[in-house]
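Chain residues, written in single-letter form:
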Amino acid sequence: MPTLLNRRQWLKAAGAAVAATTLASPSRLLAQAPAAAPRRPPVAPGLVRLNYNENPFGPAPSAKAAMHAAVDGSFRYADAEERDLLELLAAREGCRPEQIVMGAGSGEILDVAGFHFGLEKGEIVAANPSYMALLNAADRVGGKAVRVPLNARLEHDLPAMAAAVTDRTSLVYLVNPNNPTGTVCGAAELRDFVRRQSERTTVFIDEAYLEISDDFAGRTCAPLAVGGRNVVVARTFSKIFGLAGMRLGYAVMPEKLAVSLRARMTGSLSIVTLAAAAASLKDPDYVRDTRAKIRAGRDALVAEVKALGLAYAEPQGNFVFFRTGLPVQDFIARMRAEGVEVGRAFPPMTDWARISIGLPGEMAACHRALRRVLG
Ligand SMILES: Cc1ncc(COP(=O)(O)O)c(C=O)c1O
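Everything numeric in this text was worked out from a predicted model, so none of it was measured. (Residues numbered from 1 in each chain as written. Predicted model: local features only at pLDDT ≥ 70, side-chain atom pairs only at ≥ 80, totals over all residues. Heavy atoms only, no water.)

S.K.: Go over the site of the ligand with me, naming the residues and quoting the values.
M.R.: Taken together, 14 residues lie near the ligand, and Ser-106, Asp-206, Tyr-209, Thr-236 and Ser-238 sit nearest. Asn-179 places a polar side-chain atom, nitrogen or oxygen, 2.8 Å from an oxygen atom of the ligand. Contacts to the ligand include Arg-247, whose side-chain N or O atom sits 2.8 Å from an oxygen atom. If the ligand stood free it would expose 390 Å²; the protein chains cover 95% of that surface. With 3 residues, the top contributor of residues to the shell around the ligand is helix 5 (residues 106-120). (Near = heavy atom within 4 Å. Polar contact = N/O pair within 3.5 Å; in protein donor to acceptor, adjacent residues only side chain to side chain. Areas by Shrake-Rupley, 256 points an atom, 1.4 Å probe, with all protein chains shown as cover. Helix = DSSP H or I, 4+ residues; strand = E, 2+ residues; numbered from the N terminus.)

S.K.: Describe the sheet that holds strand 7 (residues 231-236), and please don't skip the residues or the numbers.
M.R.: Through backbone hydrogen bonds, the strands of a sheet pair up, either in parallel or in antiparallel fashion. In space, the 7 strands of this open sheet follow the order 2-8-7-6-5-3-4, with mixed pairing throughout. With one partner strand each, in any of the chains shown, strand 2 (100-103) and strand 4 (144-149) form the two edges of the open sheet. Averaged over all adjacent pairs, the angle separating strand axes in this sheet is 20 degrees, with direction ignored. Note: strand 2 against strand 8 (residues 249-252), 4 bridges, orientation antiparallel. Its bridge partner lying in strand 8, Gly-103 is registered against Gly-249. Seen against the sheet, helix 4 (residues 80-93) touches strand 2, strand 7 and strand 8 and runs at an angle of roughly 125 degrees to strand 2. (Pairing = 2+ DSSP bridges. Axes fitted to C-alpha atoms, helices over the stretch in contact; angles between N-to-C directions. Contact = heavy atoms within 4.5 Å.)

S.K.: Break down the packing of aromatic side chains for me, citing the residues and quoting the values.
M.R.: In the structure shown here, the tally under the stated rule is 7 aromatic pairs. The interplanar angle of 45 degrees and the centroid separation of 6.3 Å between the aromatic rings of Phe-237 and Tyr-250 together place this pair among those described as tilted. With a gap of 13 residues between them, Phe-237 in the loop between strand 7 and strand 8 and Tyr-250 in strand 8 connect regions that are remote in the sequence. Each member of the pair, Phe-237 as well as Tyr-250, carries the same accessibility label: buried. Within the aromatic cluster, the residues linked to one another by ring pairs are Phe-237, Phe-241 and Tyr-250. A cation over a ring is seen here: Arg-354 above Phe-319, with NZ or CZ 5.9 Å from the ring centre. (Phe/Tyr/Trp six-rings, centres within 6.5 Å; stacked < 30°, edge-to-face > 60°. Buried < 20%, exposed > 50% of the residue type's maximum accessible area, 1.4 Å probe, protein only. Lys NZ or Arg CZ within 6 Å of the ring centre and 35° of its normal.)

S.K.: Which residues make up helix 11 (residues 255-263), and what are the values?
M.R.: Since there are 3.6 residues in each turn of an α-helix, residues three or four apart along the chain are aligned in direction. Residues of helix 11 that are buried: Leu-257, Ala-258 and Leu-261. Projected down its long axis, helix 11 shows its buried positions confined to an angular sector of 105 degrees, all on one face. With respect to the buried face of helix 11, the exposed residues turned more than 90 degrees away are Lys-256, Val-259 and Ala-263. Along its buried surface, helix 11 packs onto strand 2, helix 5, strand 6 (202-206) and strand 7. (Arc of directions from axis to C-beta.)

S.K.: Report on the nonpolar core, specifying residues and quantitative values.
M.R.: Membership of the largest hydrophobic core comes to 85 residues, with the highest contact counts inside it found for Leu-174, Val-194, Phe-331 and Met-335. Per-element tally for this core: the top contributor is helix 12 (residues 271-281), with 9 residues. (Core = buried A, V, L, I, M, F, W, Y, C linked by side-chain atoms within 4.5 Å.)

S.K.: I'd like to hear about unusual backbone geometry, residue by residue, with values.
M.R.: Backbone phi values are negative for most residues with the exception of glycine, while trans is the configuration of most peptide bonds. Looking along the chain, the bond that leaves Asn-176 and enters Pro-177 is cis, with omega of -5 degrees. Here Pro-177 lies in the loop between strand 5 (169-175) and helix 8 (187-197). Cis geometry marks the peptide bond from Pro-347 to Pro-348, where omega comes out at 5 degrees. Positive phi outside glycine occurs at Leu-154, with the angle close to 60 degrees. Note on placement: Leu-154 falls in the loop between strand 4 and helix 7 (158-164).

In structure tokens form, the structure reads like this:
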């Protein structure tokens, strides 16, 4: 069904085409394939949906109230609201608003960074397996990925990644906690890596799940970006804040880079989304409560996986990655037959699976299904 694109997919494809038209060489354009498959295929109704790392505890009641209130003003373009949120975010990160780029989800920022660094010199060093959005965007404009296998603990292998950085590297992309494994880098080792490598190239740390981890303040690399190093740190409102459908993310970086990335953005933000984000930032109690609920679900799932005698990666996000011993497509089909949708294939780890943490009732269904399929 190549022509059935929804508006967002169409905009993404068109944006990529415009970026490529204005920025890529003709030979790259010819080599470029159109964005074919949707990023997230639809889930059949009635299934327990544990495959997209969403946070079903949802937005804070204060964020919902702010969204309702914002609807009355939704005939206006969001100018003051965008500026206000930038200032809130700058205060949160301890930087100037000019150092922040906001996007329709951190996914938009990953895409834009992929285009920018994919075109620049070409090589992007990243772990394998890891989150693919930035690498896929780079690929669409002819950028090359240099994939470094995870270490035995399924963490980023930082010494091996450092060894992979050369004069051709335009970006090092780290995901902390990593997706799909959920593992984090050691805080001191990561900071040392980022300090050293940012002398040679740009280092991008995707912290989409870090606020769910056990030591956000100790692990975040944002202070390195704020301090002017050649570092980008991306965050999202989709995970801990439960606002995936509202589409808001942001990244902190040196001002000069922010100017370049902003120049490649094509969209603008919804006034309702901006209201939700501002209210969420002012509700730390709700975030604390959500984090505790996610961790309780995660601990119980780890206990189940252990009881089944399966290997797993030490999780710090809202999902668990474990070895089923089955080809992942078989595992997905058998879990679907039990009414539970679980995460997709993450090559090369094709007999592992990722399950996102859902509501308590959903997790009970998941545990029952796991015992039937793997017990
Ligand atoms: C590691 C990572 N980064 C970024 C994203 C993009 O999230 P969003 O575009 O909703 O901010 C995701 C989504 O699952 C993710 O797993």
